[in-house]
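# Observations on the three-dimensional arrangement
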Amino acid sequence: GAVVSQHPSWVICKSGTSVKIECRSLDFQATTMFWYRQFPKQSLMLMATSNEGSKATYEQGVEKDKFLINHASLTLSTLTVTSAHPEDSSFYICSAPVGTAGNTEAFFGQGTRLTVV
Amino acid sequence: DAKTTQPTSMDCAEGRAANLPCNHSTISGNEYVYWYRQIHSQGPQYIIHGLKNNETNEMASLIITEDRKSSTLILPHATLRDTAVYYCIGYKAAGNKLTFGGGTRVLVKP
């Protein structure tokens, strides 16, 4: 199946700094990618939809100025957590849909564990 | 997308079939039933999906009731590596946005 790769797998940063997470589709083009956040023992929460060549669409309650999304090419979307704080520590996961209407499958990256100290 | 309801957790014995139920009574005619699973600290993995017919692949079988209000994911011979959280999702493929509910935490025991 299609492969979605995230980098880094884990990162520790100091409070107040910014962290960039990359999501790449390795063997297909993705005009759309999705970013999720997952806290311990909770389900995945959709944060935003990343659109190649246009602005991202954020879910209600997600601060667009804090979570900057850039989808500069058909194979790369980045999520930058700006001025990170300990409460931003979480598991961040991206996904990209593949297929046509009626037969779509979403492929997920392996996730990035962010710890803000 | 349709809201789904799943048991919070369930245990099953290694080597036995695991039957995971899901209620999706508000599912619309053009929404597919998708199943994903997430092994601890990994990204979700696609298992299977269907519209109204039963489906089978190398991982599992999906049984959808005729009224499409519920479905059952069957893992025919559960192994310890099947321990994971299993998510049932009603998905409008054209919208391409997957929304996750609480899922079922499945523990396969020796």
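Structure's up top.
Structural notes, computed from the coordinates. (Residues numbered from 1 in each chain as written. Chains lettered and ligands numbered in written order. Predicted model: local features only at pLDDT ≥ 70, side-chain atom pairs only at ≥ 80, totals over all residues. Heavy atoms only, no water.)

## Focus on the packing of aromatic side chains
Inspection of the entire model under this criterion finds twelve aromatic pairs over all chains. A ring pair is formed by A:Tyr36 and B:Phe100, whose centres lie 5.6 Å apart and whose planes are at 85°; its orientation type is edge-to-face. On the criterion of chain membership, the pair formed by A:Tyr36 in strand β4 (residues 32–38) and B:Phe100 in the loop between β8 (84–91) and β9 (104–109) is interchain, its members lying in two chains. Exposure remark for B:Phe100: the relative accessible area of 9% places this residue in the buried category. Where B:Tyr36 meets B:Phe100, the ring centres are 6.4 Å apart and the plane angle is 70°; that geometry is what we call edge-to-face. (Phe/Tyr/Trp six-rings, centres within 6.5 Å; stacked < 30°, edge-to-face > 60°. Helix = DSSP H or I, 4+ residues; strand = E, 2+ residues; numbered from the N terminus. Buried < 20%, exposed > 50% of the residue type's maximum accessible area, 1.4 Å probe, protein only.)

## A few points about the pattern of salt bridges
Side chains that carry opposite charge are capable of pairing whenever their charged atoms lie near each other. Residue and element names in this part refer to chain A. Within the structure shown, the criterion is met by four salt bridges over all chains. A salt bridge links Lys66 to Asp88; its shortest N-O distance comes to 2.9 Å. Remark: Asp88 occurs in the loop between β8 (76–81) and β9 (90–100) and Lys66 occurs in the loop between β6 (57–58) and β7 (67–73); sequence separation between them is 22 residues. Residue Lys66 is classed as buried on the basis of its relative accessible area of 12%. On the accessibility criterion, Asp88 (4% relative accessible area) is buried. (Salt bridge = Lys/Arg side-chain N within 4 Å of Asp/Glu carboxyl O.)

## Description of the state of the cysteines
Residues and elements named next belong to chain B. As enumerated under the stated definition, the model contains two disulfides over all chains in all. Here Cys22 is linked by a disulfide to Cys88, with a sulfur-sulfur distance of 2.1 Å. Because the torsion about its S-S bond is -80°, the bridge between Cys22 and Cys88 counts as left-handed. Residue Cys22 is found in strand β2 (residues 18–23), and its partner Cys88 is found in strand β8; the two are separated by 66 residues along the sequence. A residue is classified by how much of its surface remains accessible, and Cys22, at 1% relative accessible area, is buried. A relative accessible area of 1% means that Cys88 is categorised as buried. Here Cys12 stays free of any disulfide, with the sulfur of Cys22 as its closest cysteine sulfur at 17 Å. (Disulfide = S-S within 2.5 Å.)

## Comments concerning the layout of surface pockets
The space that makes up the largest pocket amounts to roughly 510 Å³. Forming the boundary of the largest pocket are 23 residues, of which A:Gln38, A:Lys41, B:His40, B:Val85 and B:Arg105 lie nearest the centre. Among the elements that make up the lining of the largest pocket, the one with the highest residue count is β9(B) (four residues). For the lining of the largest pocket, the per-class residue count stands at nine nonpolar, eleven polar and three charged. Considered as a void within the structure, the second largest pocket measures approximately 200 Å³ in volume. For the second largest pocket, the full set of lining residues is A:Asn51, A:Gly53, A:Ser54, A:Lys55, A:Ala56, A:Tyr58, A:Lys64, A:Asp65, A:Leu68, A:Ile69, A:Asn70 and A:His71. Per-element tally for the lining of the second largest pocket: the top contributor is β7(A), with four residues. Counted by class, the lining of the second largest pocket contains four nonpolar, five polar and three charged residues. (1 Å grid on protein atoms, 1.4 Å probe; cavity = no way out; pocket = protein on both sides within 12 Å on 5 of 7 lines; lining within 4 Å. Points joined across faces, edges and corners; volume = space filled by probe spheres on them. Nonpolar A, V, L, I, M, F, W, Y, C, P; charged D, E, K, R; others polar.)

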